[in-house]
Amino acid sequence: MSKRHAATIAARAGIAQDSAHAAVTPPLYLTSTYELKAFKQPGPYDYSRSNNPTRDLLAETLAELEGGVKAIVTSTGMSACLLALQLLTPDDTLVIPHDCYGGSYRLFVNLAQRKRAFKLLVVNFQQADWAEQIRAVKPKMIWLETPSNPLLQITDVRAVCDLAKALQALVVVDNTFLSPVLQQPLALGADIVVHSTTKYINGHSDIVGGVLIAKSQQLGDELKWWANCLGITGAPFDSYMTLRGLRTLEPRLRLQQDNTARLVDFLAKQPLVAKVYYPGLPQHPGHAIAKAQQSGFGAMCSFDLAADESLLPVFFSALRLFTLAQSLGGIESLVCHPGSMTHASMDAAAQKTAGIGPTLIRLSVGIENADDLLADLQQAFNAVAQHNQQNHQQQLNPQADRLKQQNEQQQQFRLNPALSAFW
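Basis of the calculations
Residues numbered from 1 in each chain as written. Predicted model: local features only at pLDDT ≥ 70, side-chain atom pairs only at ≥ 80, totals over all residues. Heavy atoms only, no water. Helix = DSSP H or I, 4+ residues; strand = E, 2+ residues; numbered from the N terminus. Buried < 20%, exposed > 50% of the residue type's maximum accessible area, 1.4 Å probe, protein only. Areas by Shrake-Rupley, 256 points an atom, 1.4 Å probe, with all protein chains shown as cover. Lys, Arg positive; Asp, Glu negative; His and termini not counted. Charge placed at Lys NZ, Arg CZ, Asp CG, Glu CD. Salt bridge = Lys/Arg side-chain N within 4 Å of Asp/Glu carboxyl O. Polar contact = N/O pair within 3.5 Å; in protein donor to acceptor, adjacent residues only side chain to side chain. Contact = heavy atoms within 4.5 Å. Axes fitted to C-alpha atoms, helices over the stretch in contact; angles between N-to-C directions. Parallel < 35°, antiparallel > 145°, perpendicular 65-115°, else oblique. Left-handed = near helix turned anticlockwise from the far one by under 90°. Nonpolar A, V, L, I, M, F, W, Y, C, P; charged D, E, K, R; others polar. Core = buried A, V, L, I, M, F, W, Y, C linked by side-chain atoms within 4.5 Å. Pairing = 2+ DSSP bridges.

**Q** Any chance you could explain the overall build of the chain here in plain terms?
**A** Helices and strands together make up the secondary structure of the chain, namely 14 helices and 12 strands. Taking the principal axes of its C-alpha atoms as reference, the chain extends roughly 125 × 55 × 40 Å. Here the chain, with 423 residues, has 51% of them falling under the buried criterion. Of the roughly 20,300 Å² of accessible surface on the chain, a fraction of 53% belongs to carbon and sulfur atoms. Between the mean site of the 35 positive side-chain charges and the mean site of the 35 negative ones, the chain shows a separation of 3 Å.

Shown next as structure tokens:
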């Protein structure tokens, strides 16, 4: 059989493979330990921190989707990031993007500064001299996040991988925003792919998890050893739920992207939106690269509200379908204020450098009816516009009151008989 499509891989994972009872869907193995066949004769499974059939099935499916050799399922997306960093020593340099996810940024900076786990270089991959900056430090690992969170900036993965190969550096790509359905960094030259499976891969906002997929067996084996050593492998039940959500990844994303395209078009015409951030827009600086290395533009978008920061509560409280919450990638639409939520761990200077302004709003678009989502946004913008108008009137009222008082005084002056001689 020729190579299967992503939708088929996800939908058929473990289907009709149960050797015990011929169950169509794979069972959930909640056991923590396994019986040995005999003294000093362990089977393929001995303890679930090391190996578990349910977790292994999820890992094998994700490895196939990303085109990797080995996948390690972890307890959270952050533990997947931590696992990749075990490949570094204090003498090694890690290069990270200036606008990566706030939790990742916090991990990188604190491990480098407080633990001296490695050296760190923060690079703006949108600047022309990014390659020169990297060559100067000869890093062991280059970390990419494309599209970036929350401004959806695009990095040329193949160009970075070509440079990394010349420098004998590893390239790790956080592919959470797109999933393997829309982007496959290993095919572009990356060595490792990281996901927060909490997001699109699971897609239902009911578990937290992560995965790390290696391009080579050697890297995969080393990372699996560290995952078992650190005890950060994913729980069987979470793996079962993730696999269940994964089965609908492709159709979910198709609908979410369609909804996002309509919302972006609406936002681009909205007077109360100063700027829209979405790689699908032809004017987006990374549009051409995104079109070349992705098979879709994703279901995340951000925009700057063209109003005072004090009106953010008005906008958020007016929404009924977009839920103000952390995370992304679920079937439900979410709205987020990166500066005070996902990227709050970055100080003000780092946020400013990353381009995260005080009125930046991020949307994770779900599978609801697009017309309903548009109406929800419109009534929130209407609420902001109404408050803007009220504030404007309040500013004008003192001037009107003063004019009215002056007119009354002048009228009284004219009608006073005692002063008639002056007229």
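**Q** So what exactly am I meant to see when it comes to the pattern of salt bridges here?
**A** This structure, assessed with the given rule, holds seven salt bridges. Among the ionic pairs, D221 bridges to K70, the shortest N-O distance being 3.8 Å. Pair noted here: D221 is in helix α8 (residues 217-230) and K70 is in strand β1 (residues 70-74), with a separation of 151 residues, a long-range link. According to the relative accessible area criterion, D221 is partly exposed, its value standing at 38%.

**Q** When you look at the side chain of T260 in this model, what are you seeing that I'm missing?
**A** Looking at where T260 falls in the secondary structure, it is placed in helix α10 (residues 249-268). Within the structure, the side chain of T260 is placed 2.7 Å from the backbone oxygen of Q256, a separation counted as a polar contact. Dropping the residues within four chain positions of it, T260 is found in contact with Y278, G298, A299, M300, C301 and V365.

**Q** Is there a simple way to explain unusual backbone geometry in this structure?
**A** Keep in mind that most residues, glycine aside, have a negative phi and that most peptide bonds are trans. A cis geometry characterises the amide bond from T146 onward to P147, with omega recorded as 0°. Relative to the helices and strands, P147 resides in the loop between β4 (141-145) and α6 (157-167). With an omega dihedral of 15°, the bond running from N149 to P150 counts as a cis peptide bond. Residue position: P150 is located in the loop between β4 and α6. Although it is not a glycine, A22 adopts a positive phi angle of roughly 60°. As for its position among the elements, A22 is in the loop between α1 (6-12) and α2 (53-66). Take A22: its relative accessible area is 62%, and that puts it in the exposed class. Here the phi dihedral of S327 falls at roughly 75°; this positive angle occurs in a residue that is not glycine. Counting through the fold element by element, S327 comes out in the loop between β10 (323-324) and β11 (334-336).

**Q** Looking at this structure, how should I read the environment of N388?
**A** Here N388 lies in helix α14 (residues 370-415). Note on N388: relative accessible area 30%, which makes it partly exposed. Placed 77 residues apart in sequence, N388 and L311 show a C-alpha to C-alpha distance of 8.4 Å. Among residues more than four places away in sequence, those in contact with N388 are L272, A307 and L311.

**Q** Could you clarify how one ought to interpret the packing of α2 against helix α9 (residues 236-246) in this entry?
**A** Relative orientation and spacing of two packed helices are given, respectively, by the angle between their axes and the distance between those axes. Where α2 meets α9, the closest approach of the two axes is 8 Å, and the angle between their N-to-C directions is 40°. Here α9 runs oblique to α2, going by the angle between their axes. Viewed along their axes, α2 and α9 form a crossing whose handedness is left-handed. In this structure, α2 uses T54, R55, L57, L58, T61, L62 and L65 to contact α9, whose residues at the interface are P236, S239, Y240, T242, L243 and L246. Partitioning the contact of α2 with α9 into residue classes produces eight nonpolar, four polar and one charged.

**Q** Help me understand the nonpolar core in this model?
**A** One broad rule of soluble globular proteins: the nonpolar side chains tend to lie buried together. Core analysis: the biggest nonpolar cluster contains 85 residues, and L85, L94, F125, M141, I142, W143 and L246 have the highest contact counts within it. Each residue touching L246, except ones within four places of it in the same chain, is listed here: A10, L58, T61, L62, L65, I201, N202 and R252. With 32 residues, the next largest nonpolar core counts V314, F322, F381 and V384 among its residues.

**Q** Any chance you could explain the sheet that holds strand β2 (residues 93-97) here in plain terms?
**A** Paired through backbone hydrogen bonds, the strands of a sheet run either parallel or antiparallel to each other. Here we have seven strands laid out as an open sheet, ordered β1-β7-β6-β5-β4-β2-β3, and mixed in their pairing. This sheet does not close on itself; its edge strands, each paired only once, are β1 and β3 (119-123). On average, each strand axis in the sheet is inclined to that of its neighbour by 20°, with strand direction left out of account. Pairing of β2 with β3, which is carried by five bridges, proceeds in the parallel orientation. Looking at the pairing, V95 lines up with L121 of β3. Helix α5 (residues 130-137) rests against β2, β3 and β4 of the sheet, and its axis sits at about 170° to β3.

**Q** So what exactly am I meant to see when it comes to the packing of helix α3 (residues 77-84) against helix α4 (residues 102-113) here?
**A** At a minimum axis distance of 10 Å, the contact between α3 and α4 shows a crossing angle of 35°. Here the hand of the crossing between α3 and α4 comes out right-handed. Contacts from M78, C81 and L82 in α3 reach G103, S104, L107 and L111 in α4. Looking at the contact of α3 with α4, its residues break down into five nonpolar, two polar and no charged.

All quantities given are derived from atomic positions and should not be read as evidence of function.
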